[in-house]
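Residue-level structure breakdown
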Amino acid sequence: MCTYSTEKVGLERSSGKTRDGWQTMSEATVYYDHPVHAPDAHTVNIDFMAPERGPASRIAVELSLDSARELLAALQTTVERAKEH
């Protein structure tokens, strides 16, 4: 079931690779909804973009719930380890 729960995050000093090459990414939107391409009925979706550049700047990711949990754990581990450097 769609939750219509959407979280927007401002990104500082971040970049992503679009079809036009590497570009600054200033925003991420995370939501649970129907995917466009992934095989599950619902996925955790993340859109990275620079809204000032329009839709062509969008990098879309669709993750199964299990993959989203694994990514979340990996991000947490990496961020915690980075404190040591």
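In this text the structure is predicted, and so the values were computed from the model without any measurement. (Residues numbered from 1 in each chain as written. Predicted model: local features only at pLDDT ≥ 70, side-chain atom pairs only at ≥ 80, totals over all residues. Heavy atoms only, no water.)

To continue, consider the overall build of the protein chain. When you go through the protein chain residue by residue, the secondary structure sums to 1 helix and 6 strands. Of the regular secondary structure in the protein chain, the N- to C-terminal order runs β-β-β-β-β-β-α. Taken along its principal axes, the extent of the C-alpha atoms in the protein chain is 40 × 35 × 20 Å. Every one of the 85 residues in the protein chain was classed for burial, and the buried ones make up 26%. Partitioning the contacts of the protein chain with sequence separation of at least 6, the portion at a separation of at least 24 is 33%. Accessible surface, the protein chain as shown: approximately 6400 Å² in total, 56% of it carbon and sulfur. Computed over 9 positive and 13 negative side-chain charges, the inter-centroid distance for the protein chain is 6 Å. (Helix = DSSP H or I, 4+ residues; strand = E, 2+ residues; numbered from the N terminus. Buried < 20%, exposed > 50% of the residue type's maximum accessible area, 1.4 Å probe, protein only. Contact = heavy atoms within 4.5 Å. Areas by Shrake-Rupley, 256 points an atom, 1.4 Å probe, with all protein chains shown as cover. Lys, Arg positive; Asp, Glu negative; His and termini not counted. Charge placed at Lys NZ, Arg CZ, Asp CG, Glu CD.)

Counted by the stated rule, this structure contains 5 salt bridges. With a closest N to O distance of 3.4 Å, R69 and D66 form a salt bridge. Here R69 and its partner D66 are both found in helix α1 (residues 65-82), 3 residues apart, which amounts to about one turn of the helix. Each member of the pair, R69 as well as D66, is classed as exposed. (Salt bridge = Lys/Arg side-chain N within 4 Å of Asp/Glu carboxyl O.)

Now for the sheet that holds strand β5 (residues 43-49). Read from one edge of the open sheet, 4 strands run β1-β4-β5-β6, paired in antiparallel fashion. One side of each edge strand has no neighbouring strand; the edge strands of this open sheet are β1 (6-10) and β6 (59-63). Looking at each pair of strands side by side, their axes are set apart by 15° on average, direction ignored. Relative to β5, strand β4 (residues 27-33) runs antiparallel, the two sharing 7 bridges. Residue pairing for β5: Y31 is matched across the bridge by N45. Set on the sheet, α1 makes contact with β4, β5 and β6; between it and β6 the angle comes to about 110°. (Pairing = 2+ DSSP bridges. Axes fitted to C-alpha atoms, helices over the stretch in contact; angles between N-to-C directions.)

Its place among the elements puts S57 in the loop between β5 and β6. Given the relative accessible area of 1%, S57 is considered buried. In contact with S57, not counting residues within four places along its chain, are T18, Q23, M25, F48, M49 and A50.

Taking burial as the measure, the 7 residues of β5 include 6 buried ones, the bulk of the element. Direction of pairing for β5 relative to β6: antiparallel, over a ladder of 5 bridges. Residue pairing across strands places V44 opposite L63, the latter belonging to β6.

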